[in-house]
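Listed below, chain by chain, are the residues.
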Amino acid sequence: MRSAWERRKGAPERGRQRRRGRAAATTAAVAALVAAPLGAATSAGAAEPRVDNPFAGADQYVNSYWSDNVEAAADRAGGSLGDSMRAVANEPTSVWMDRISAIEGNADGPGLRAHLDAAVAQKRAGTPLVFNLVIYDLPGRDCYALASNGELPAADEGMQRYETEYIDAIVDILDDPAYEDLRIVATVEPDSLPNLVTNSSEPLCQQAAPYYREGVAYALDRLHDVGNVYSYIDAAHAGWLGWPNNAQPAAQLFAEVVGSTEAGFDSVAGFVTNTANSTPLTEPFLEDENFGSGGFVRQAEFYQWNTDFDEADWTAHLYDLLVAEGFPSSIGMLIDTSRNGWGGPDRPSAESTSTDLNTYVDESRVDRRNHRGAWCNPSGAGLGERPQATPSGYPDSHLDAFVWVKPPGESDGASEEIDNDQGKKFDRMCDPTFNSPKLDGLLTGALPDAPLAGQWFESQFAMLVTNAYPPIGDGGTDPGPDPDPDTTAPSVPQGVTATADGTSVSVSWSASTDDTRVTGYSVLVDGEAATTSSTTSATVTGLDPKTTYEITVTARDAAGNTSAASEPVSVTTGADDGGPDPVEGACTAVYSTTNSWSGGYQGQVVVTAGDDGAPGWAVTAPAGLSTTNLWGGVLSGGTITGAAWNADLAPGASTTVGFVANGTAPADGPLACD
Ligand code: BGC
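Report follows, based on the coordinates. All residue numbers here refer to positions counted from 1 along the written sequence of the relevant chain. Per-residue local features are limited, in this predicted model, to residues with pLDDT of at least 70; the limit for side-chain atom pairs, both in listing and counting, is 80 or more; totals at the level of whole chains, interfaces and linings are taken over all residues. Water and hydrogen atoms play no part in the side-chain values, which are based on all heavy atoms of the structure.

Quick look at the packing of aromatic side chains
Working definition: rings of Phe, Tyr and Trp (its six-membered ring) pair if their centres are within 6.5 Å, and the pair is stacked with planes under 30 degrees apart, edge-to-face with planes over 60 apart, and tilted otherwise. Evaluated as defined, the whole model comprises 17 aromatic pairs. A ring pair is formed by tyrosine 162 and tyrosine 166, whose centres lie 5.3 Å apart and whose planes are at 25°; its orientation type is stacked. Pair noted here: tyrosine 162 and tyrosine 166 are both in helix H7 (residues 156-174), with a separation of four residues, about one helical turn. Each member of the pair, tyrosine 162 together with tyrosine 166, is buried. Ring pairs connect the aromatic residues Trp66, Trp404, Trp456 and Phe461, which therefore count as one cluster. Look at NZ for Lys and CZ for Arg. If either is within 6 Å of the ring centre and within 35 degrees of the ring normal, a charge sits over the ring. Sitting above the plane of the tyrosine 469 ring, arginine 347 keeps its charged end 3.4 Å from the centroid. The ring of phenylalanine 302 has arginine 365 lying over it, and the distance from NZ or CZ to the ring centre is 3.7 Å. Strands here mean DSSP runs of E at least two residues long; helices mean DSSP runs of H or I at least four residues long; both are numbered from the N terminus. Under the scheme applied here, a residue whose accessible area is under 20% of the maximum for its type counts as buried, over 50% as exposed, and between as partly exposed, the area being computed with a 1.4 Å probe on protein chains only.

Some words on the site of the ligand
Whether a residue is near a molecule or strand depends on its heavy atoms: if one lies within 4 Å, it is near. By nearness alone, every residue bordering the ligand is listed as Trp96, Asp98, Tyr136, Ser148, Lys406, Pro407, Glu410, Lys424, Ala453 and Gly454. Pairing of N or O atoms within 3.5 Å defines a polar contact, subject to two protein rules: one partner must be a possible hydrogen donor and the other a possible acceptor, and residues neighboring in sequence count only if both atoms are side-chain atoms. Between the ligand and serine 148, the relevant distance is 2.6 Å, taken from an oxygen atom to a side-chain nitrogen or oxygen of the residue. One of the side-chain N or O atoms of glutamate 410 is found 2.6 Å from an oxygen atom in the ligand. Values of accessible area rely on a 1.4 Å probe in the Shrake-Rupley scheme; residue burial ignores everything except the protein chains shown. Taken by itself the ligand offers 310 Å² of open surface, and the protein chains cover 93% of this.

Looking at the packing of helix H6 (residues 112-122) against H7
Pairs of packed helices are described in terms of their axes, by the angle between the two and the distance that separates them. Here the axes come from fitting lines to C-alpha atoms, over the contacting stretch only for helices, and the angles between their N-to-C directions go from 0 to 180 degrees. Two numbers describe how H6 lies on H7: the axes approach to 10 Å, and their chain directions differ by 25°. Classified by the interaxial angle, the pair formed by H6 and H7 is roughly parallel. The handedness of the crossing between H6 and H7 comes out as right-handed. Every residue of H7 that contacts H6 at Leu112, Arg113 and Leu116 is listed here: Ile170, Ile173 and Leu174. Class assignment for the residues of the contact of H6 with H7 results in five nonpolar, no polar and one charged. Angles below 35 degrees are treated as roughly parallel, those above 145 as roughly antiparallel, those between 65 and 115 as roughly perpendicular, and all remaining angles as oblique. It is the rotation of the near helix from the far one that decides the hand of a crossing: anticlockwise by less than a right angle makes it left-handed, clockwise makes it right-handed. Two residues qualify as a contact provided that any one of their heavy atoms is within 4.5 Å of a heavy atom in the partner residue. Gly falls in the polar group here, along with every residue not listed as nonpolar (Ala, Val, Leu, Ile, Met, Phe, Trp, Tyr, Cys, Pro) or charged (Asp, Glu, Lys, Arg).

A few points about the side chain of glutamate 410
Take glutamate 410: it is sitting in the loop between strand S11 (399-403) and strand S12 (435-436). Nearest to the buried, unbridged glutamate 410 among oppositely charged side chains is lysine 406, at 5.2 Å. The positive count covers Lys and Arg only, the negative count covers Asp and Glu only, and His and the chain ends enter neither. When a carboxyl oxygen of Asp or Glu lies within 4 Å of a side-chain nitrogen of Lys or Arg, that pair is called a salt bridge.

Notes on the state of the cysteines
The rule for a disulfide is simple: a pair of cysteine sulfur atoms within 2.5 Å. By the definition in use, this model includes three disulfides. The disulfide bridge from cysteine 143 ends at cysteine 205, spanning 2.1 Å between sulfur atoms. Between cysteine 143 and cysteine 205, the disulfide has an S-S torsion of 95° and is therefore right-handed. With a gap of 62 residues between them, cysteine 143 in the loop between strand S5 (129-135) and H7 and cysteine 205 in helix H9 (residues 203-225) connect regions that are remote in the sequence. In this structure, cysteine 143 and cysteine 205 share a single accessibility class: buried. Put simply, cysteine 587 and cysteine 673 are joined by a disulfide, and their sulfur atoms are 2.0 Å apart. On the sign convention where negative is left-handed, the bridge of cysteine 587 and cysteine 673, at about -100° about the S-S bond, is left-handed. With cysteine 587 in strand S21 (residues 587-597) and cysteine 673 in the segment after strand S30 (669-671), the pair connects residues that are 86 residues apart, well separated along the chain.

Here's the deal with empty space enclosed by the protein
Method remark: on a 1 Å grid restricted to protein atoms, a set of points is classed as a cavity if a 1.4 Å probe fits but cannot get out and as a pocket if it is open with protein on both sides within 12 Å along at least five of seven lines; lining residues have an atom within 4 Å of a point. Grid points are joined across faces, edges and corners, and a volume is the space filled by probe spheres set on the points. Applying the stated criterion across every chain yields a total of five cavities of 30 Å³ or more. Here the second largest cavity is characterised by a volume of approximately 50 Å³. For the second largest cavity, the full set of lining residues is Tyr136, Leu138, Arg141, Asp142, Glu189, Pro190, Asp191, Ser192, Asn195 and Tyr212. Residues that form the lining of the second largest cavity fall into these classes: four nonpolar, two polar and four charged.

Observations regarding the sheet that holds S30
Being paired, for any two strands, means DSSP has found at least two bridges between them. Ordered by their spatial adjacency, five strands build an open sheet running S25-S29-S22-S21-S30, and the pairing between neighbours is antiparallel. Single-partner strands in this sheet number two, and they are strand S25 (627-631) and S30. Within the sheet, the average angular offset between the axes of one strand and its neighbour, ignoring direction, is 25°. Pairing geometry for S25 and strand S29 (residues 654-662), over four bridges, is antiparallel. Across the sheet, residue leucine 630 finds its bridge partner in S29, namely phenylalanine 659.

Thoughts on helix H13 (residues 357-364)
Looking only at H13, the buried set comprises Leu357, Tyr360, Val361 and Ser364. With its buried residues spanning 95° around the axis, H13 presents them on a single face. By arc we mean the arc of the directions from the helix axis to the C-beta atoms, nothing more.

Details of the nonpolar core
Nonpolar cores were defined as sets of buried Ala, Val, Leu, Ile, Met, Phe, Trp, Tyr and Cys residues, with membership established by side-chain atoms within 4.5 Å. Core analysis: the largest hydrophobic core is formed by 76 residues, its most contacted members being Leu174 and Phe254. Per-element accounting of this core gives the leading share, eleven residues, to H9.

Overview of the sheet that holds strand S27 (residues 639-641)
Taken together, three strands build an open sheet; the order of strands is S24-S27-S26 and the sheet is antiparallel. Each of the sheet's edge strands pairs with one partner strand only, and the pair in question is strand S24 (618-620) and strand S26 (634-636). The sheet shows a mean angle of 25° between the axes of neighbouring strands, taken without regard to direction. Bridge count for S26 against S27 is three bridges, and the pairing is antiparallel. The residue of S27 that forms the bridge with valine 634 is threonine 641.

Below you can see the structure in the form of structure tokens.
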């Protein structure tokens, strides 16, 4: 059998051309058009030369699809919890390419191109913008766990698909000159190489090992061909690789795999630790000192002789080992601080005075897990440091940034069996009732009622916000220790128009301006937030018939400031939903354009079931619809139907199908639905 490695070496070279310096005019045109709806000042020039730390002086991309989940959760929570949620809604989070269909867009959100277009629109003139991307689809993915098992088998056939249908497809998009002014930061394959260090006795990890090595090297090579991609390899966390017996082999493996790439050590910008984990940045009350007769602090059961208590320790330790292995001293470290805050009522406020080593450690540590190996939806965790470039205070760690790789509020795995077509399985590490042998028989500490890995898990998000450390709104530490925080609200949205169609109201307005950047809008109905939008239009559905409402719009900026409400406009809804009268089993559908540019547009169809529900609903698509990307449904032969998860609607339930399409947007209005 020809190994995957041999196949790669023998394969014709793909994507080798570099694209610097071509098509600047196209870039300018695309950027200007996409930027227009948000009113962001954008200009494109020649692509910049590579920099040492891509985060320095840069904004980071705010994923409005994540922000919308946060805003909706905030609306539902209300009160001070809602306010705290809203305060972090504009934090930048990474975009995960967790399966091949994520590239074009699927039920979990729009595709890579739509995100990159939005990033170009967010970019401010003269300020670089980092787009955080996660590469996560290796054959035999997640070999030591089940919750994030993937779609590709650990076999040559899986490797072939990984290279051609996944990495090459991503690189083709990233290589588009329209994106050459973005700094694309790629987190490369979480948990893969670390699993080869510590779990090589596991048959599934043995089987996956050649594909992990080959796949990571292939990804690094292809990503490096795109001049503006900065790759950071995932390096687990302190509680996984911190022991010298793990750390040294890890540094060697990283050097071996990166050393095998075409550009050698130059193919990476650095390493990212703590991805989707909750190991604290620091343990402020603990040092690995001599504890007297009990031995060193490291000997406590919780640390099991591991001297790296936190991510500050681990990144400093790893940096030294990597440089000793030949990596250049310019490499930088990223720490995923999305969920390692450990604040809230259970956070210790002082060092314990106990003379018993285990009690002393348990009372002093801010990490409240039962065991450092507990990785799934850990209860008690909080949001950590907000994303931030070149954080100070950790000189030995050579930090390029704190980043939020794991979008807080997205599950690590289901707490019970849930059918899915992504290859994900039920891992009992996510079951709160399970005493796991991997945790020396301790309970997992996982939150109950968790959905599938990657799905929105609102009760987890509420907990993370409640337990944030630094706390939200705490003396200027949120969002990040900005010495000169932006407190200027965006300008009030102008030119609001509202037209009713049955019980739906389409609202549009002109773009707001701001000293930083506008990241979205809220539409209020009679003073209550009804929906959010990242463009300059939105549709509110489900209003009462024959009722007059006052519509206002507010704008929010990247720093979380919200403008005053616009001048109210009145609108009176019609007799019914504007479509045919609901009949048994029927549904209504309303089309609206959410964004448009020369030659294309983004639209949505909101489908609402009638009183008897709408099993197997089908909507007649707008005439001539030609989509490049559609999520939340399936388009076939001019008819839109639901995806597996939303094909059947309960009485009164709604679902939204979104798409990006070619051509000119049709008029907003009702569509036939049955
Ligand atoms: C899941 C992915 C998801 C990611 C971010 C991972 O655990 O397997 O599907 O995209 O988390 O939430």
